[in-house]
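Spelled out, the chains give:
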Amino acid sequence: EPGSTRETGGGASDVRRAVLCGPGRAGKTATLEFWAGLLGGPAPAVALPSAASAGDAFEYLTVPAAAGRPPLHLLTTPGRLACGEERRLLLRGADAVVFTADSRLWRQDANLILLDELGAELADADRAGGRVPLLLQYNRRDDPDALPLADLEALLNPVGWPSVPTVASGGEGLTDLLELLLARLR
């Protein structure tokens, strides 16, 4: 079950869980699909909670262990602002989080709302003794309305988390982002 907590019992072979969180249509699904190809996994599956609409769905990818890498559960959270409880459930037990920010100017309110929500969830995990690494993905860098990276860093990243500019629809930057993520999951 992709939404469950990490499996135990095998030390280095434990399943590691990473969650892609961010506004709807920011590029979480395109990122997951690209990573499936890189990792040799199947196409991501879609899960739809009962009595939910299509906008409440999340995608997940299970990738078997490979040389030097434990098995992985990679999943996305729904991006609709009304899906806060679903995001909280999917974030529980995460070993790392990628916040997929939409670089376009008109999406900054949604980025800030969801990043603030994510910060509260990660603070709860920190208090429980489970520090969760966070990476920022600045997606849609090819859009003419994309803010300069310096502006995005000032607005969304005052803490200085590792960040990677991407164009998920074309795969740009996604290999670097995956390498950063895998380094934090070891």
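Residues numbered from 1 in each chain as written. Predicted model: local features only at pLDDT ≥ 70, side-chain atom pairs only at ≥ 80, totals over all residues. Heavy atoms only, no water.

1. A closer look at the overall build of the chain
In terms of helices and strands, the chain carries five helices and seven strands. Going from N to C terminus, the chain has its helices and strands arranged as β-α-β-β-β-α-β-α-β-α-β-α. Across the 186 residues of the chain, 46% fall into the buried class. Of the contacts made within the chain by residues no fewer than 6 positions apart, 67% connect residues no fewer than 24 positions apart. Summing over all exposed atoms, the chain offers an accessible surface of approximately 8700 Å²; the carbon and sulfur share of this is 54%. (Helix = DSSP H or I, 4+ residues; strand = E, 2+ residues; numbered from the N terminus. Buried < 20%, exposed > 50% of the residue type's maximum accessible area, 1.4 Å probe, protein only. Contact = heavy atoms within 4.5 Å. Areas by Shrake-Rupley, 256 points an atom, 1.4 Å probe, with all protein chains shown as cover.)

2. Here's the deal with the environment of Ala 65
Mapping Ala 65 onto the fold places it in the loop between β3 (58–63) and β4 (72–76). Excluding residues that lie within four positions of it along the chain, Ala 65 makes contacts with Pro 70 and Pro 71.

3. Some words on the environment of Val 63
On the secondary structure map, Val 63 appears in strand β3. C-alpha separation for the pair Val 63 and Pro 44, spaced 19 residues apart in sequence, amounts to 9.9 Å. Excluding residues within four positions of it along the chain, Val 63 makes contact with Leu 39, Arg 69, Pro 71 and Leu 72.

4. Some words on the environment of Ala 96
Summarising the element assignment, Ala 96 is placed in strand β5 (residues 96–102). When the C-alpha atoms of Ala 96 and Val 132 are compared, they prove to be 5.3 Å apart, with 36 residues separating the residues in sequence. When residues no more than four places from it in sequence are discounted, the contact partners of Ala 96 are Arg 17, Ala 18, Val 19, Val 132, Pro 133, Leu 181 and Leu 185.

5. Digging into helix α1 (residues 28–39)
In an α-helix there are 3.6 residues to a turn, and that puts residues three or four apart on one side. For α1, built from 12 residues, the straight-helix expectation of 16 Å at 1.5 Å per residue is met to within 8% by its first-to-last C-alpha distance of 16 Å. Buried within α1 we find Lys 28, Thr 31, Leu 32, Trp 35, Ala 36 and Leu 39. One face of α1 carries all of its buried residues, which in axial projection span an arc of 140 degrees. On its buried side, α1 packs onto β1 (16–21), β3, β4, β5, β6 (134–139) and α5 (174–185). (Expected span 1.5 Å × (residues − 1). Arc of directions from axis to C-beta.)

6. Considering α5
For α5, spanning 12 residues, the distance from its first C-alpha to its last is 16 Å, which sits close to the expected 16 Å at 1.5 Å a residue. Turning to α5, its buried residues number three or more, namely Leu 174, Leu 177, Leu 178, Leu 181, Leu 182 and Leu 185. Along α5, the residues classed as buried sweep out an arc of 130 degrees about the axis, all on the same side. Summarising the contacts, the buried residues of α5 are in contact with β1, α1, β4, β5, β6 and β7 (163–165).

7. Here's the deal with the side chain of Arg 87
Within the element layout of this structure, Arg 87 appears in helix α2 (residues 84–91). Sequence-distant contacts of Arg 87, that is, excluding residues within four places in its chain, are made with Cys 21, Thr 77, Pro 78, Gly 79, Arg 80, Leu 81, Leu 114 and Glu 117.

8. What about the pattern of salt bridges?
In the structure shown here, the tally under the stated rule is five salt bridges. A salt bridge links Asp 102 to Arg 104, with the nearest nitrogen and oxygen atoms 2.7 Å apart. The shortest N-O distance in the salt bridge between Arg 140 and Asp 102 comes to 3.6 Å. With Arg 140 in the loop between β6 and α4 (149–156) and Asp 102 in strand β5, the pair connects residues that are 38 residues apart, well separated along the chain. The exposure class of Arg 140 is partly exposed, given its relative accessible area of 28%. A single salt-bridge network, built from bridges that share partners, covers Asp 102, Arg 104 and Arg 140. (Salt bridge = Lys/Arg side-chain N within 4 Å of Asp/Glu carboxyl O.)

9. Some words on the pairing of β4
With five of five residues buried, β4 is to be regarded as a mostly interior element. With burial as the criterion, each face of β4 is covered, one bearing Leu 72, Leu 74 and Thr 76 and the other bearing His 73 and Leu 75. Pairing of β1 with β4 involves five bridges; the strand directions are parallel. Pairing of Val 19 across the sheet is with Leu 75, part of β4. (Pairing = 2+ DSSP bridges.)

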